[in-house]
Amino acid sequence: MPSARPGLITLLLLAWIGLGSAFGLDFERLRDTLLARHGQEPLALFEDWQRMLGSARGTGEQEQVRRVNDFFNQRIAFDDDYSLWGQTDYWATPLETMAQRRGDCEDFSISKYFSLLELGIPVSKLRLVYVRATQAVPGGGSIQQAHMVLAYYPRPNADPLVLDNLNKRILPASQRHDLSPVFSFNSAGLWQGTGNQTSRSNLSRWQDLLARARAEGFQ
């Protein structure tokens, strides 16, 4: 696949200066924001998430990956952006996803990403990956749809493990023949871009998401 255009990568890095190394969770502020915006109802899920992170903190990275993946896959239901937000493509913060208790593939992946960063997994080991997912349809045949997953790299250049809400098993990317990567990104860069327009659009959504997450308490 072609590489991202150098000018776009420069824009991306400039836009994220000061954001890539500044993650961290202010749980008191997050809790206050949740209560102020959404009331008491989502508080139990938020506290379960906080406890899950606390219990995972002393475990190895792959166990942390498993616990975070299972938590969101088991506790968040899938729903589309139009039903949730009245928009065709909205990237929710983890707090917004927990408040709704529903989300689409981007919301699952973003919540897992922020959670693993909080557990101390280096940003260099995590990438949000846009893919084309091939899915079977009733009556035979298949369709391709845009999808997002989170990739975890145990080592540089390793076959990454895929955290997905469609297939809840954590499998190496080499075993996910149903997924075709388009491009990937994290708080430090953008890789494998396939078109300037698509990349700029998603860059804007990512910047907006980071700004909203920081305002909520993701430092």
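Please read all numbers here as calculations on a predicted model, not as lab measurements.

Along the protein chain, the regular secondary structure elements total eight helices and eight strands. Within the span of the protein chain, comprising 219 residues, buried residues form 47% of the whole. Partitioning the contacts of the protein chain with sequence separation of at least 6, the portion at a separation of at least 24 is 63%. Surface summary for the protein chain: the accessible area is close to 10,300 Å², and the carbon and sulfur share equals 50%.

What follows deals with the confidence of the model for the protein chain. For the protein chain, per-residue confidence averages 86 on the pLDDT scale, and residues scoring 70 or more make up 84% of the total. Scored below 50 in pLDDT, residues 1-22 makes 40 contacts in the model with residues more than four places away or belonging to other chains. Every residue in residues 193-198 is under pLDDT 50, and counting partners more than four places away or in other chains gives nine contacts.

So, about the environment of Pro122. Its location among the elements puts Pro122 in the loop between helix H7 (105-118) and strand E3 (126-136). For Pro122 and Tyr152, which are 30 residues apart along the polypeptide, the C-alpha to C-alpha distance reads 10.0 Å. Residues contacting Pro122, with those up to four places away along its chain left out, are Glu61 and Leu117.

Turning to the pattern of salt bridges, a few remarks are in order. Counted under the stated rule, the structure contains 16 salt bridges. Glu216 is the salt-bridge partner of Arg37, the closest N and O atoms lying 3.5 Å from each other. Here Glu216 lies in helix H8 (residues 196-216) and Arg37 lies in helix H2 (residues 27-38), a separation of 179 residues in the sequence. We classify Glu216 as buried; its relative accessible area is 1%.

Once that is clear, we can look at the sheet that holds strand E4 (residues 142-152). Across a sheet, strands are paired by hydrogen bonds formed along the backbone, either parallel or antiparallel in direction. Strand order in this open sheet of six strands is E6-E5-E4-E3-E7-E8, and the pairing throughout is antiparallel. Edge positions in the sheet fall to strand E6 (171-172) and strand E8 (190-191), since each has one partner strand and no second. Contacts between H7 and the sheet are confined to E3, E4 and strand E5 (161-163), with E4 contributing the most and set at about 10° to the helix.

Moving on, we come to the nonpolar core. The biggest cluster of nonpolar side chains holds 46 residues, and the ones touching the most others in it are Phe46, Trp49, Phe114, Leu116, Phe185 and Trp206. Once residues within four sequence positions are removed from consideration, Leu116 is found in contact with Gln64, Val65, Val68, Ile121, Leu126, Leu150 and Leu163. Counting eight residues, the second largest nonpolar core, distinct from the first, contains Val129, Val149, Ala151 and Tyr153.

With 14 residues, helix H3 (residues 43-56) ought to run about 20 Å at 1.5 Å a step, and its terminal C-alpha atoms sit 20 Å apart, in line with that. Of all the positions in H3, only Leu43, Leu45, Phe46, Trp49, Met52, Leu53 and Ala56 are classed as buried.

Let us look at the pairing of strand E7 (residues 179-185). The buried fraction of E7 amounts to five of the seven residues, a majority that puts the element mostly inside the structure. Direction of pairing for E3 relative to E7: antiparallel, over a ladder of six bridges. Residue pairing across strands places Ala133 opposite Leu179, the latter belonging to E7. Two strands pair when backbone bridges link them, and E7 and E8 are joined in this way by two bridges, in the antiparallel orientation. Across the sheet, Ser184 pairs through a bridge with Trp191, a residue of E8. Hairpin connection of E7 to E8: four residues between the antiparallel strands.

Cut-offs applied
Residues numbered from 1 in each chain as written. Predicted model: local features only at pLDDT ≥ 70, side-chain atom pairs only at ≥ 80, totals over all residues. Heavy atoms only, no water. Helix = DSSP H or I, 4+ residues; strand = E, 2+ residues; numbered from the N terminus. Buried < 20%, exposed > 50% of the residue type's maximum accessible area, 1.4 Å probe, protein only. Contact = heavy atoms within 4.5 Å. Areas by Shrake-Rupley, 256 points an atom, 1.4 Å probe, with all protein chains shown as cover. pLDDT = per-residue confidence, 0-100. Salt bridge = Lys/Arg side-chain N within 4 Å of Asp/Glu carboxyl O. Pairing = 2+ DSSP bridges. Axes fitted to C-alpha atoms, helices over the stretch in contact; angles between N-to-C directions. Core = buried A, V, L, I, M, F, W, Y, C linked by side-chain atoms within 4.5 Å. Expected span 1.5 Å × (residues − 1).

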